[in-house]
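What follows is the residue order along each chain.
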Amino acid sequence: MNTIKCLSNLRSGSVLARNFSTSNLNFANHKCRVLVVGGGCGGTAVAAKLAYRLGAGQVTVLESSDKHYYQPLFTLIGGGMKKLEDSYRPMKDTLSCLTTWVKDRAAKFNPTTNTVETENGDTIEYDYLVVATGIEVNYEAIPGLVDALKVPKGPVCSIYSPLYVNRVYDAFQSFKGGNAIFTFPASPVKCPGAPQKILYIFEHYTRKNKKRNAAKLYYNTSLPVIFGVKHYADALWKVVEKRDINVNLRTNLVEVLPNGREAVFENLDTKERKIMDFNLLHVTPPMRPPLVLRENSGDLVNEAGFVEVNRYTMQHMKYKNIFALGDCTNSPNSKTAAAAAAQCQVVYKNLSAIMEGREVERNYDGYASCPLVTGYNTCILAEFDYNLQPLESFPFEQAKERWSMFVMKKDLMPPLYWHLMMNGLWNGPSFILYIRRDGRRLM
Ligand code: UQ1
């Protein structure tokens, strides 16, 4: 990664940029051409692209974290296949050296004055803004959950936070039998496939460790379907049937009882509540946009707090100098890193066009992909668009569980993410589809 960054420095004639630009600067009043709010997957990728085009010092990234997590690894950490330490890099090494890192957090968006106020009380003025704050996990929304997640070596766990992900494999190992319940909340979530990936990994784990006969597995999901895309839902129903997993649709976790062994679920249609006991409870928490979007961003967002963009161009519906991508937008795609990869090229192209006084030119088709890991060596690679139609990269039946797709998820995607996507060099597999589908993906 350093080689690519240094090369980009040399090519822009700014060898020193790495040392001076990617530092945690705090200016009382900072002015920049492009402000990217959020140094996660989408923000970092689009900032790298823009900085490479505009040169050093033109793009500022507002991000408070020291670490950048590659969150797709969290399911594998849950299964004991990877370590938490494998999933992150220092923020300073992830952000392009051509960008200026302001280590702070957005407190208020003022789209009419082209400024963002930060939590430290500074104001950043921009010509163009890219919002990429991501979505926030809200464990507190479920009474009893946070306390249960504090119990050392307890049976309640969750892959959705670096705070709790290491509890998951511990809970697998402590499990001796009884009910193992995996949940999906009644809110938009990032990586909607992950709540069942960890279920399938656990099922395989119990078989490998001679605990399967003693275990009763439940997937309690708020959704009315097992997966939003029928093509893959059909395949997943066969997986749960074959592996004797009980699926309860429209079933939402509402409380974890203080005894730490029982949870309350509500049927979202009948409103009926029931208590289920468990020996393992894997929780996917409800999620929501971060506070600054929910409360301090005026007409940048919809009622729920998601940034209102045109779903094709990713341009803000009202403010033409503002774009958004990733999990914080209201575009109805699946919230995955692969979607952010496809969106970052659309944002980059359209923002560049606007800067040059041209019309937006690129359309995002809703592409998302979800490597549905189904155990310790198999994976179904789901790829689809806004119409929930499969949009597959490979010339074989992807709805089938495959070892090759598991290797791609576990061993090929992480280096691709760190070396290509974080340097603005990966826009998803649209080029493969371009070759295979006669140009369908490049509009
Ligand atoms: C992808 O582009 C991506 O974004 C970086 C992922 O997130 C980690 C993925 O998991 C996948 C599967 C893709 C799509 C890539 C190919 C080669 C189909």
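Residues numbered from 1 in each chain as written. Predicted model: local features only at pLDDT ≥ 70, side-chain atom pairs only at ≥ 80, totals over all residues. Heavy atoms only, no water.

A word on the overall build of the chain. For the chain, the helix and strand inventory stands at 13 helices and 21 strands. Since a compact globule built from 443 residues should have a radius of gyration of about 22 Å, the 22 Å found for the chain is in line with a globular shape. Each principal axis of the C-alpha atoms in the chain carries an extent, and together these give about 65 × 50 × 40 Å. Out of the 443 residues in the chain, the part that is buried amounts to 58%. (Helix = DSSP H or I, 4+ residues; strand = E, 2+ residues; numbered from the N terminus. Rg over C-alpha atoms; globule rule 2.2 N^0.38 Å. Buried < 20%, exposed > 50% of the residue type's maximum accessible area, 1.4 Å probe, protein only.)

Empty space within the second largest pocket amounts to approximately 490 Å³. If you trace the second largest pocket, you find 27 residues lining it, with Pro 192, Pro 332, Asn 333, Ser 334 and Lys 335 closest to the centre. Of the residues that constitute the lining of the second largest pocket, the class distribution is 17 nonpolar, eight polar and two charged. Here the lining of the second largest pocket spans two domains, since at least three of its residues come from each of domain 1 (2-135 + 290-363) and domain 2 (139-288). (1 Å grid on protein atoms, 1.4 Å probe; cavity = no way out; pocket = protein on both sides within 12 Å on 5 of 7 lines; lining within 4 Å. Points joined across faces, edges and corners; volume = space filled by probe spheres on them. Nonpolar A, V, L, I, M, F, W, Y, C, P; charged D, E, K, R; others polar. Domains from an automatic or database assignment.)

What follows concerns the packing of helix H7 (residues 165-174) against helix H8 (residues 194-208). Pairs of packed helices are described in terms of their axes, by the angle between the two and the distance that separates them. Contact pair H7 / H8: the axes reach a minimum separation of 11 Å and the direction vectors enclose 35°. Read as a crossing pair, H7 and H8 show a hand that is right-handed. For the pair H7 and H8, the contacting residues are Val 168, Tyr 169, Phe 172 and Gln 173 in the first and Ile 198, Ile 201, Phe 202 and Tyr 205 in the second. Taken together, the residues that form the contact of H7 with H8 break down as seven nonpolar, one polar and no charged. (Axes fitted to C-alpha atoms, helices over the stretch in contact; angles between N-to-C directions. Left-handed = near helix turned anticlockwise from the far one by under 90°. Contact = heavy atoms within 4.5 Å.)

Around the ligand, a shell composed of 17 residues is seen, among which Tyr 70, Ser 369, Pro 371, Met 413 and Trp 426 lie nearest. When residues of the shell around the ligand are traced back to their parent elements, those giving at least two are helix H11 (337-355), strand S20 (368-373), strand S21 (379-384) and helix H12 (403-420). Tallied by class, residues from the shell around the ligand come to 13 nonpolar, three polar and one charged. (Near = heavy atom within 4 Å.)

Detailed reading of the predicted coordinates is not advisable wherever pLDDT is low. Chain-level statistics for the chain give a pLDDT mean of 93 and a share of 91% at 70 or above. Every residue in residues 1-23 is under pLDDT 50, and counting partners more than four places away or in other chains gives 48 contacts. (pLDDT = per-residue confidence, 0-100.)

This next bit is on the nonpolar core. Counting residues in hydrophobic clusters, the biggest one holds 139 residues, and the most contacted among them are Phe 109, Val 131 and Phe 227. By residue number, the principal contributor to this core is H11, which donates eleven residues. Looking at which domains feed residues into this core, each of domain 1 (2-135 + 290-363) and domain 2 (139-288) gives three or more. Setting aside anything within four residues of it in sequence, one finds Phe 109 in contact with Val 37, Thr 115, Val 116, Leu 129, Val 131, Val 292, Leu 293, Asn 296, Ser 297 and Leu 300. (Core = buried A, V, L, I, M, F, W, Y, C linked by side-chain atoms within 4.5 Å.)

A word on the pairing of strand S2 (residues 59-62). For a regular strand, side chains alternate in direction, first toward one face of the sheet and then toward the other. Here S2 shows no split at all, with Val 59 and Val 61 on one side and Thr 60 and Leu 62 on the other all buried. By the bridge criterion, four bridges tie strand S1 (residues 29-37) to S2 in an arrangement that is parallel. Bridging from a neighbouring strand, Val 34 pairs with Val 59 of S2. Regarding the hand of the β-α-β motif, the stretch spanning S1, helix H3 (residues 41-54) and S2 is right-handed. As paired strands, S2 and strand S5 (residues 99-102) are joined by four bridges and run parallel to one another. Residue Thr 60 lies in a different strand from S5, and its bridge partner there is Thr 100. (Pairing = 2+ DSSP bridges. Right-handed = clockwise from strand over helix to strand, strands pointing away.)

Another aspect to go through is the side chain of His 30. Looking at where His 30 falls in the secondary structure, it is placed in strand S1. A distance of 2.7 Å separates polar atoms of two side chains, one belonging to His 30 and the other to Thr 60. Excluding anything up to four places from it in sequence, His 30 contacts Thr 60, Thr 100, Thr 123, Ile 124 and Glu 125. (Polar contact = N/O pair within 3.5 Å; in protein donor to acceptor, adjacent residues only side chain to side chain.)

Here the focus is the packing of H3 against H11. Relative orientation of the contacting elements H3 and H11 amounts to 35°, with a least axis distance of 9 Å. Our pair here, H3 against H11, has a crossing hand that is right-handed. The residues of H11 that touch H3, namely those facing Cys 41, Gly 42, Ala 45, Val 46, Lys 49, Leu 50, Arg 53 and Leu 54, are Ala 337, Ala 340, Cys 344, Gln 345, Val 347, Tyr 348, Leu 351, Ser 352 and Met 355. Its residues placed into classes, the contact of H3 with H11 shows twelve nonpolar, three polar and two charged.

For the rest of this paragraph, the subject is the sheet that holds strand S15 (residues 262-267). The strand order S14-S15-S16 describes an open sheet built from three strands, whose pairing is antiparallel. Both edges of this open sheet fall to strand S14 (251-256) and strand S16 (273-277), since each of them pairs with a single strand only. Direction aside, neighbouring strands of the sheet carry axes that sit 35° apart on average. Sheet topology places S15 next to S16; five bridges connect them, and they run antiparallel. What sits directly across from Glu 262, in S16, is Asp 277.

Here the focus is H12. A rise of 1.5 Å per residue sets the reference length of H12, with its 18 residues, at 26 Å; its end C-alpha atoms lie 24 Å apart and thus fit the reference within 8%. Maximum bend of H12: about 45°, positioned at Leu 412, with proline Pro 414 one to four residues after it. Regarding H12, the residues found buried are Met 405, Phe 406, Met 408, Lys 409, Pro 414, Leu 416, Tyr 417 and Trp 418. (Expected span 1.5 Å × (residues − 1). Bend = angle between axes of the 7 residues up to and from the residue.)

All right, on to the UniProt feature "domain: FAD/NAD(P)-binding" (unreviewed entry) in the chain then. Per the UniProt record, "domain: FAD/NAD(P)-binding" (unreviewed entry) is found at residues 33-145 and 232-341. Between the first and last C-alpha atoms of residues 33-145 the distance is 43 Å; the span itself is 21% helix and 35% strand. In this annotation, residues 232-341 is assigned 19% helix and 26% strand; the end-to-end C-alpha distance for the span is 22 Å. (UniProt positions renumbered as here; feature names shortened; annotations may be inferred.)

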